[in-house]
Amino acid sequence: LITMYPSRLPKCTGSVGVVLLVDKSRSAESVLKNTRLALTNVVPNIRSSISLALIGFDKSPFYVFRYSKLNDAHAKNTFLSRVERLFPTGQTNLL
């Protein structure tokens, strides 16, 4: 059971930007699989006014998708094709 606080979120009338960080180390293999599945289901339904970036990391951070608006099918498909190329490798460097 998930409870949202506040229970009713205010409607956003301006621009929205989201930066997602994804651990792609071997220890996060099951989480990465679920992340790919979630993004595959969510991204096609994102409003065109939302900007999104995806940063992956294992030994060091790297851009999977640079910050931009997902304002058409091509942008969404590009984002999703890059998500599909994320595979667990290496280890997480926490320093």
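Structure: above.
Below is a short write-up of the structure. Only a predicted model underlies this, so the values are computations on that prediction, with no experimental measurement involved.

Conventions we followed
- Residues numbered from 1 in each chain as written.
- Predicted model: local features only at pLDDT ≥ 70, side-chain atom pairs only at ≥ 80, totals over all residues.
- Heavy atoms only, no water.
- Pairing = 2+ DSSP bridges.
- Helix = DSSP H or I, 4+ residues; strand = E, 2+ residues; numbered from the N terminus.
- Axes fitted to C-alpha atoms, helices over the stretch in contact; angles between N-to-C directions.
- Contact = heavy atoms within 4.5 Å.
- Buried < 20%, exposed > 50% of the residue type's maximum accessible area, 1.4 Å probe, protein only.
- Expected span 1.5 Å × (residues − 1).
- Polar contact = N/O pair within 3.5 Å; in protein donor to acceptor, adjacent residues only side chain to side chain.
- Parallel < 35°, antiparallel > 145°, perpendicular 65-115°, else oblique.
- Nonpolar A, V, L, I, M, F, W, Y, C, P; charged D, E, K, R; others polar.
- Core = buried A, V, L, I, M, F, W, Y, C linked by side-chain atoms within 4.5 Å.
- Phe/Tyr/Trp six-rings, centres within 6.5 Å; stacked < 30°, edge-to-face > 60°.
- Lys NZ or Arg CZ within 6 Å of the ring centre and 35° of its normal.

## Comments concerning the sheet that holds strand β1 (residues 16-23)
Then step 1. Across the sheet, three strands lie side by side as β1-β2-β3; this open sheet has mixed pairing. Every interior strand has two partners, whereas the edge strands, β1 and β3 (61-69), have only one. Shown here is a sheet whose adjacent strand axes are inclined to one another by a mean of 10 degrees, direction ignored.
Then step 2. Pairing between strand β2 (residues 50-57) and β3: six bridges, direction antiparallel. For F57, the partnering residue across the bridge sits in β3 and is P61.
Then step 3. The sheet strands contacting helix α2 (residues 73-84) are β2 and β3, and the helix crosses β3 at an angle near 165 degrees.

## Remarks on the environment of L86
Then step 1. Looking at the secondary structure, you find L86 in the segment after α2.
Then step 2. Judged by its relative accessible area of 4%, L86 falls in the buried class.

## Observations regarding α2
Given 3.6 residues to a turn, an α-helix orients residues that are three or four positions apart in the same direction.
Then step 1. Given a rise of 1.5 Å per residue, twelve residues ought to cover 16 Å, and the 16 Å separating the end C-alpha atoms of α2 matches this to within 8%.
Then step 2. Of all the residues in α2, the buried ones are A75, K76, T78, F79, L80 and V83.
Then step 3. On its buried side, α2 packs onto α1 (29-42), β2 and β3.
Then step 4. Sitting at the amino-terminal end of α2 is D72, which places a side-chain oxygen 3.3 Å from the backbone nitrogen of H74.

## Thoughts on the packing of α1 against α2
Helix-helix packing is characterised by the crossing angle of the two axes and by the distance between the axes.
Then step 1. Closest axis-to-axis distance for the α1/α2 pair is 10 Å, and the angle between their directions is 170 degrees. As summarised for this structure, α1 and α2 are arranged roughly antiparallel, according to the angle between their axes. In contact with R36, L39 and T40 of α1, α2 contributes F79, L80, V83 and E84.
Then step 2. The residue makeup of the contact of α1 with α2, split by class, is four nonpolar, one polar and two charged.

## Re the nonpolar core
Then step 1. Ranked by size, the top nonpolar core spans 16 residues in total, and within it V43, L54, L70 and F79 carry the most contacts.
Then step 2. Among the elements of the structure, α1, β2, β3 and α2 are those that each provide at least two residues to this core.
Then step 3. It is α2 that provides the largest number of residues to this core, a total of four residues.
Then step 4. Not counting the four nearest positions on each side in its chain, L54 is found in contact with L20, V22, L39, F62, Y63, V64, F65, F79, V83 and L86.

## Details of the packing of aromatic side chains
Then step 1. Scanning the entire structure with this criterion turns up one aromatic pair.
Then step 2. When the ring of F65 is compared with that of F79, the centres are 5.1 Å apart and the planes differ by 80 degrees; the resulting orientation is edge-to-face. On the criterion of sequence distance, the pair formed by F65 in strand β3 and F79 in helix α2 is long-range, its members being 14 residues apart.
Then step 3. Look at F65 and you get buried, because its relative accessible area is 5%.
Then step 4. Between R36 and the ring centre of F87, over which it is positioned, the NZ or CZ distance is 5.4 Å.

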